[in-house]
Amino acid sequence: MAEVLVYVDHVDGAVRKPTLELLTLARRIGEPVAVALGAGAENTAAVLAEHGAVKVLTADAPEFAEYLVVPKVDALQAAYEAVSPAAVLVPSSAEGKEVAARLAVRIGSGIITDATDLEAGDEGPVATQSAFAASFTTKSRVSKGTPVITVKPNSAPVEAAPAAGTVEALSVTFGALATGTKVVSRTPRESTGRPELTEAAIVVSGGRGVNGAENFHLIEDLADSLGAAVGASRAAVDAGWYPHTNQVGQTGKSVSPQLYIASGISGAIQHRAGMQTSKTIVAINKDAEAPIFDLVDYGVVGDLFTVVPQLTDEIKAR
Ligand code: FAD
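As a starting point, this report considers the structure included with it. Every value quoted in this text rests on a predicted model; they were computed, and no experiment measured them.

### Examining the pairing of strand 1 (residues 3-7)
Thinking step 1. Judged by how many residues are buried, strand 1 sits mostly within the fold: four of five residues are covered.
Thinking step 2. With five bridges joining them, strand 1 and strand 4 (residues 31-37) adopt parallel strand pairing. Bridge assignment links leucine 5 to a residue of strand 4, and that residue is valine 33.
Thinking step 3. Relative to strand 6 (residues 87-91), strand 1 runs parallel, the two being bridged by three bridges. In the sheet register, valine 6 faces strand 6, and the bridge partner there is leucine 89.

Written out as structure tokens, the structure is:
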């Protein structure tokens, strides 16, 4: 069976959920070989094996932490040359997309970014993408070289699939470009204790209807009752009610959770662009004609100041 390289996103050995989702997709098209780089890389092996990695290639060097993405591209290319995989899968994070794009250029391959699904095809893996602000779903495959595909978080379930997960050290020679861009400092964002917006299984968002920063606690309370991340429309962000890091949409973040709850959001095309691929969409809006109701699975016509606290209380009571 053909091997499929999976680029591992981890923090000090703790594997992030989008990588486990990639393993599910990789198993549809071949045998997953994981590539884990940097501090704690070896500690990822057990979890990766539990989710189907037949082999885990690891490398650690100061270059991975001290410089931007190029050392990681050097390492992924070394893995590519060692394995000759049928495809390379990378999580669709900002870093992942840069690593994938640079690798594709180096190996002369086509690339597909932000896939939301992946299946085996006669002529190579077929990726699903959402296009034109999610108005269309396209299926594509790479027609040149080894497919390099980045996949959005929440595109596949995490599945247990025990495999060997043999750990092998990856030998990496860094090229001249590797040390070209140095990291000067890192400032961790203050933790809210909530999941990362783009990775969360549930997102609760508030818009102009929330009517002020002082009311956003209603959205946060509902989010916390569900273990969800908090999102916001651009109108709410531009008004200064919530940080831009939480903006969902064309000029914000793109989310694809299992459940998206939009409160006081009209459903403008630019907002839909960032959330339309959510699996189940719920909207709370006092205007029955609001465009958001065109795409919801469940809609509540009502005042969010009444509905949201009731919903939060009901969930907390269960
Ligand atoms: P509104 O459109 O004003 O809707 C507010 C809604 O709240 C209304 O439907 C109203 O009925 C409802 N409401 C009011 N009070 C209550 C209440 N008490 N209870 C229940 N419902 C209530 N927007 C984004 O969100 N993300 C983007 O990334 C983004 N990028 C953009 C990029 C460009 C180039 C442009 C031009 C625009 C972009 N926009 C983006 C803006 C977008 O066009 C809309 O203006 C914006 O999404 C509107 O936000 P909203 O739905 O919160 O506000």
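### Some details on the pattern of salt bridges
Thinking step 1. Tallied over the full model, the rule gives 16 salt bridges.
Thinking step 2. The closest approach of N and O atoms between arginine 189 and glutamate 196, which form a salt bridge, is 3.9 Å.
Thinking step 3. With relative accessibility at 27%, the residue glutamate 196 sits in the partly exposed group.
Thinking step 4. The residue aspartate 238 makes a salt bridge to arginine 234 at a minimum N-O spacing of 3.2 Å. In this pair, aspartate 238 and arginine 234 both sit in helix 7 (residues 234-238), four residues apart, roughly one turn of the helix.
Thinking step 5. What makes aspartate 238 exposed here is its relative accessible area of 57%.
Thinking step 6. Here arginine 234 falls in the partly exposed class, since its relative accessible area comes to 45%.

### So, the packing of helix 4 (residues 70-83) against helix 5 (residues 94-107)
Thinking step 1. With their axes 9 Å apart at the nearest point, helix 4 and helix 5 run at an angle of 55° to one another. One finds that helix 4 runs oblique with respect to helix 5. Note that helix 4 runs across helix 5; the crossing there is right-handed. Packed against helix 4, whose contacting residues are Val70, Lys72, Val73, Asp74, Leu76, Gln77 and Tyr80, the element helix 5 presents Glu95, Val99, Arg102, Leu103, Arg106 and Ile107 at the interface.
Thinking step 2. Looking at side-chain class alone, the contact of helix 4 with helix 5 contains seven nonpolar, one polar and five charged residues.

### Examining the site of the ligand
Thinking step 1. Around the ligand, the structure places 25 residues, and the nearest of them are Arg208, Ser233, Thr251, Ser266 and Gln270.
Thinking step 2. One of the side-chain nitrogen or oxygen atoms of serine 233 is found 2.6 Å away from an oxygen atom of the ligand.
Thinking step 3. At 2.9 Å, a side-chain N or O of glutamine 247 approaches an oxygen atom of the ligand.
Thinking step 4. Elements that contribute at least two residues to the shell around the ligand include exactly helix 7, helix 8 (269-272) and helix 9 (304-317).
Thinking step 5. The class makeup of the residues in the shell around the ligand is six nonpolar, 14 polar and five charged.

### Looking at unusual backbone geometry
Thinking step 1. Phi at aspartate 12 is positive, roughly 50°, even though this residue is not glycine.
Thinking step 2. Along the chain, aspartate 12 falls in the loop between strand 2 (10-11) and strand 3 (14-15).
Thinking step 3. Backbone geometry places asparagine 211, a non-glycine residue, at a positive phi of 65°.
Thinking step 4. Mapping asparagine 211 onto the fold places it in the loop between strand 13 (202-206) and helix 6 (216-226).

What counts, and where the lines are drawn
- Residues numbered from 1 in each chain as written.
- Predicted model: local features only at pLDDT ≥ 70, side-chain atom pairs only at ≥ 80, totals over all residues.
- Heavy atoms only, no water.
- Buried < 20%, exposed > 50% of the residue type's maximum accessible area, 1.4 Å probe, protein only.
- Helix = DSSP H or I, 4+ residues; strand = E, 2+ residues; numbered from the N terminus.
- Pairing = 2+ DSSP bridges.
- Salt bridge = Lys/Arg side-chain N within 4 Å of Asp/Glu carboxyl O.
- Axes fitted to C-alpha atoms, helices over the stretch in contact; angles between N-to-C directions.
- Parallel < 35°, antiparallel > 145°, perpendicular 65-115°, else oblique.
- Left-handed = near helix turned anticlockwise from the far one by under 90°.
- Contact = heavy atoms within 4.5 Å.
- Nonpolar A, V, L, I, M, F, W, Y, C, P; charged D, E, K, R; others polar.
- Near = heavy atom within 4 Å.
- Polar contact = N/O pair within 3.5 Å; in protein donor to acceptor, adjacent residues only side chain to side chain.

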